[in-house]
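Here's the letter readout for the chains.
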Amino acid sequence: MRHTSIARQVALVSYGTQFLRGHAELEDWYRHGIFFGARLQFRTPDGNALLADDFTWWLGILRRCGALRLSLHLPAEFSLDTERTILGGGYAVAVHFADRHEIWIVGRERAAWHAHPLLPDDGRHPAFPNAAHWGGELDNYWRVAERPGALEVPDTDWKQLAAAISADLDIRVPSSLVPAGPLFLPGGEPASWEKLPLFARSAAAAPAHHLLATLYAEQARLANEMNPKNENSAYQHMDEAGAVALENWGRRLDSWIIEAELRCANECRSSAILARGAPPTRLHRPVQVPPPERPPAGDAGGAESAAPAAGSGGIGTWRDRLAFAVALAAGCLFVVACAHVIVRFPWLAILVGAPYALYVHYKKRD
């Protein structure tokens, strides 16, 4: 995830709030490695006027204008058109003032000539070599609305959130296998002055770092499991129902990561004290794919077509293993019971061993 637009948004909102509140100066964090290789521009939709071509200028002017904090949201919260935000991850940044709040949508600008009528319409993509691929990434922030009044940003009870994620995904959150310290994104060996946590550290944010690090570790593990090149993974041998179940689990994991990123960016309390209240309201919900329909019980053709899938992985695999274990245990008990007879009459071993040998022989043929 290093150097992606979403990670930059999380860092900008978290550290930017610390700056606007006077808890950290720009010199303390503006060289954060997450911003390397990228430019952040701030514009107005009217005429596409460039207001600031650097996030330090943007934050500096906001502070002089009396901005109190930043917060990260989903555009749907403000009923915004998300066309511009698709390439930026679909988030929005709110700038809080005493009597109003501004909404900035985050994305990457689309070149209008990509739909030029003179371009050949033969399915070739791209029409020309992409020289911009070798340049740095560019995040565009558009100030799309200014609304009166305060914007409420709920605090997060991190223990309650961890319990909700653990119950939904059936995993341990936070994981003891993940470092409990500040969350540093992987990649290279940065210099000390650029190696900063993804979002600001504090007593209140400590459990947030551990929780998000756990979710990122689960996401990396799942990506490896579902990688087509990983031919030995359980996912590659699952039946359709098992594969759909795992994919839906992955969608729920991704949804919780979105939820956690929003809450981590917005965590700006100096103290970890929080009155325990109702469970947190979900900020994002995943779209689940329904499991495949089972064929009717009397459909012989459907039963025949489903039979190979049941033994190919998932639940069918465990059923076969359990049946084998039971058969093996019964065979062992039978051998023990007959052992004293075989000792006195060794030729009876042929009667015991012949059926087993025939079973193994024909089992291999099947």
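Up top is the structure.
Details of the overall build of the protein chain
Helices and strands together make up the secondary structure of the protein chain, namely 8 helices and 6 strands. Order of helices (α) and strands (β) in the protein chain, N terminus to C terminus: α-β-β-α-β-β-β-β-α-α-α-α-α-α. Within the protein chain, the proportion of its 366 residues that are buried is 37%. Sequence separation of at least 24 residues holds for 72% of the intrachain contacts in the protein chain that already meet a minimum separation of 6.

A short note on the side chain of Glu102
Relative to the elements of secondary structure, Glu102 occurs in strand S5 (residues 100–107). In terms of polar contacts, Glu102 uses its side chain to reach the side chain of Trp104, at 3.2 Å. In contact with Glu102, other than residues within four places in its own chain, are Leu62, Val93, Ala94, Val95, Phe97, Arg143, Ala145 and Glu146.

Description of the pattern of salt bridges
Taken as a whole and judged by the stated rule, the model has 12 salt bridges. Put simply, Glu25 and Arg63 hold a salt bridge, and the shortest N to O gap is 3.4 Å. Of this pair, Glu25 sits in the loop between helix H1 (5–20) and strand S1 (38–43) while Arg63 sits in helix H2 (residues 55–64), placing them 38 residues apart in sequence. For the salt bridge of Arg143 with Glu102, the shortest nitrogen-to-oxygen distance reads 3.9 Å. Of the two residues, Arg143 sits in strand S6 (residues 137–148) while Glu102 sits in strand S5, which places them 41 residues apart along the sequence. The exposure class of Glu102 is buried, given its relative accessible area of 5%. Among the charged side chains, a network of salt bridges with common partners joins Arg8, Glu137 and Asp139.

Points about the sheet that holds strand S2 (residues 50–52)
Within the open sheet, the 6 strands sit side by side as S2-S1-S6-S5-S4-S3. Their pairing is mixed. Each end of this open sheet is capped by a strand with a single partner; those strands are S2 and strand S3 (69–73). The sheet shows a mean angle of 35 degrees between the axes of neighbouring strands, direction not considered. With 8 bridges connecting them, S5 and S6 associate as antiparallel partners. Its bridge partner being in S6, Arg100 is matched across the sheet by Pro148. In the packing of H1 onto the sheet, contacts are made with S1, S3, strand S4 (92–96), S5 and S6, and the angle to S3 comes to roughly 155 degrees.

Some thoughts on the pairing of S4
Within S4, 5 of the 5 residues are buried, which leaves it mostly tucked inside the rest of the structure. Neither face of S4 is exposed, since Ala92, Ala94 and His96 on one face and Val93 and Val95 on the opposite face are all buried. In the sheet, S3 pairs with S4 via 5 bridges, with the strands oriented antiparallel. From the neighbouring strand, His73 faces S4, where its bridge partner is Ala92. Relative to S5, S4 runs antiparallel, the two sharing 5 bridges. Each bridged residue has a counterpart across the sheet, and for Ala92 the counterpart in S5 is Ile105. Where S4 hands over to S5, the hairpin turn is made up of 3 residues, counted between the paired strands.

As for the packing of aromatic side chains
By the definition in use, this model includes 9 aromatic pairs. Their ring planes at 25 degrees and their centres at 5.7 Å tell us that Trp29 and Phe55 sit as a pair that is stacked. With Trp29 in the loop between H1 and S1 and Phe55 in helix H2, this pair connects stretches of sequence that are 26 residues apart. Ring pairing ties together the aromatic residues Tyr15, Trp29, Phe35 and Phe55, which thus form one cluster. One cation-aromatic arrangement involves Arg63 over Phe19; the distance from NZ or CZ to the ring centre is 4.5 Å. A cation over an aromatic ring shows up here: Arg100 above the ring of Phe97, its NZ or CZ 3.9 Å from the ring centre.

Concerning helix H4 (residues 206–226)
Look at H4: 31 Å from first C-alpha to last across 21 residues, which is about the 30 Å you get at 1.5 Å a residue. Within the sequence span of H4, burial applies to Ala208, His209, His210, Leu211, Leu212, Ala213, Thr214, Leu215, Tyr216, Glu218, Leu222 and Glu225. Contacts from the buried residues of H4 go to helix H3 (158–169) and helix H5 (240–266).

Points about the environment of Ile171
By the secondary structure assignment, Ile171 is in the loop between H3 and H4. We classify Ile171 as buried; its relative accessible area is 14%. For the pair Ile171 and Glu218, spaced 47 residues apart in the sequence, the C-alpha separation amounts to 9.1 Å. With residues up to four places along the chain from it excluded, the contact list for Ile171 reads Ser166, Glu218 and Trp249.

The rules behind these values
- Residues numbered from 1 in each chain as written.
- Predicted model: local features only at pLDDT ≥ 70, side-chain atom pairs only at ≥ 80, totals over all residues.
- Heavy atoms only, no water.
- Helix = DSSP H or I, 4+ residues; strand = E, 2+ residues; numbered from the N terminus.
- Buried < 20%, exposed > 50% of the residue type's maximum accessible area, 1.4 Å probe, protein only.
- Contact = heavy atoms within 4.5 Å.
- Polar contact = N/O pair within 3.5 Å; in protein donor to acceptor, adjacent residues only side chain to side chain.
- Salt bridge = Lys/Arg side-chain N within 4 Å of Asp/Glu carboxyl O.
- Pairing = 2+ DSSP bridges.
- Axes fitted to C-alpha atoms, helices over the stretch in contact; angles between N-to-C directions.
- Phe/Tyr/Trp six-rings, centres within 6.5 Å; stacked < 30°, edge-to-face > 60°.
- Lys NZ or Arg CZ within 6 Å of the ring centre and 35° of its normal.
- Expected span 1.5 Å × (residues − 1).

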